[in-house]
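Below are the chains, spelled out letter by letter.
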Amino acid sequence: MNLNISGHHLEVTPAIREYVSSKIERTTRHFDNVIDVAVILSVDKLEHKAEATIHVVGKDLHVESVEADMYAAIDSLVDKLDRQIIKYKEKQSGHRNEAIKHQAVIEE
């Protein structure tokens, strides 16, 4: 998994980089086929925004979160990302044996 962290109007400190990488590792517990992750952290006046684009096999997932604190925005981002990855994984596993099911119905 490639992890790219960048900041707009924000210096990405080693502490923030470590925090983001540890939180993003949580998503790989649910889904192993993550190819690339791009995280963009930005500050606009009093809003701290965190965006992430994850490239998985066959699809790109995009999530963004806006909070008053950067660490809260990262936490919210990872929660949303977890939900999207679990939903994507369930859709993929739901289609796996679909052809066999239809063949069994036709043969009866």
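Residues numbered from 1 in each chain as written. Predicted model: local features only at pLDDT ≥ 70, side-chain atom pairs only at ≥ 80, totals over all residues. Heavy atoms only, no water.

**Some remarks on the pairing of strand β2 (residues 34-44)**
Phase 1 of the analysis: In the sheet, strand β1 (residues 2-8) pairs with β2 via 7 bridges, with the strands oriented parallel. Among the inter-strand pairings, isoleucine 5 is bridged to a residue of β2, identified as valine 39.
Phase 2 of the analysis: Sheet topology places β2 next to strand β3 (residues 47-56); 10 bridges connect them, and they run antiparallel. Paired with valine 37 across the strands is isoleucine 54, a residue of β3.
Phase 3 of the analysis: Hairpin connection from β2 to β3: 2 residues lie between these consecutive antiparallel strands, with lysine 45 at a positive phi of about 55°. (Pairing = 2+ DSSP bridges. Helix = DSSP H or I, 4+ residues; strand = E, 2+ residues; numbered from the N terminus.)

**Some points on the sheet that holds β1**
Phase 1 of the analysis: Here 4 strands make up an open sheet; going across it, the order is β1-β2-β3-β4 and the pairing mixed. Bordering the open sheet on either side are β1 and β4 (59-67), each of which pairs with just one other strand. The sheet shows a mean angle of 10° between the axes of neighbouring strands, taken without regard to direction.
Phase 2 of the analysis: Along the sheet, helix α1 (residues 14-30) makes contact with β1 and β2, crossing β2 at roughly 135°. (Axes fitted to C-alpha atoms, helices over the stretch in contact; angles between N-to-C directions. Contact = heavy atoms within 4.5 Å.)

**Quick word on the packing of aromatic side chains**
Phase 1 of the analysis: For the coordinates displayed, the defined rule picks out 1 aromatic pair.
Phase 2 of the analysis: Measuring from ring centre to ring centre gives 4.8 Å for tyrosine 19 and tyrosine 71, while their planes differ by 80°; the resulting arrangement is edge-to-face. Within this pair, whereas tyrosine 19 is found in helix α1, its partner tyrosine 71 is found in helix α2 (residues 70-94), the two being separated by 52 residues in sequence.
Phase 3 of the analysis: Owing to a relative accessible area of 23%, tyrosine 19 belongs among the partly exposed residues under this scheme.
Phase 4 of the analysis: Judged by its relative accessible area of 34%, tyrosine 71 falls in the partly exposed class. (Phe/Tyr/Trp six-rings, centres within 6.5 Å; stacked < 30°, edge-to-face > 60°. Buried < 20%, exposed > 50% of the residue type's maximum accessible area, 1.4 Å probe, protein only.)

**Considerations on the pattern of salt bridges**
Phase 1 of the analysis: Scanning the model with the defined rule gives 5 salt bridges in all.
Phase 2 of the analysis: Between aspartate 82 and arginine 26 there is a salt bridge, and its shortest N-O distance comes to 2.8 Å. Within this pair, whereas aspartate 82 is found in helix α2, its partner arginine 26 is found in helix α1, the two being separated by 56 residues in sequence.
Phase 3 of the analysis: The exposure class of aspartate 82 is buried, given its relative accessible area of 7%.
Phase 4 of the analysis: Since its relative accessible area comes to 24%, arginine 26 is described here as partly exposed.
Phase 5 of the analysis: Salt-bridge contacts for lysine 49 lead to glutamate 51; the nearest nitrogen and oxygen are separated by 3.8 Å.
Phase 6 of the analysis: Judged by its relative accessible area of 25%, lysine 49 falls in the partly exposed class.
Phase 7 of the analysis: Taken together, the shared-partner salt bridges connect Arg26, Asp79 and Asp82 into one network. (Salt bridge = Lys/Arg side-chain N within 4 Å of Asp/Glu carboxyl O.)

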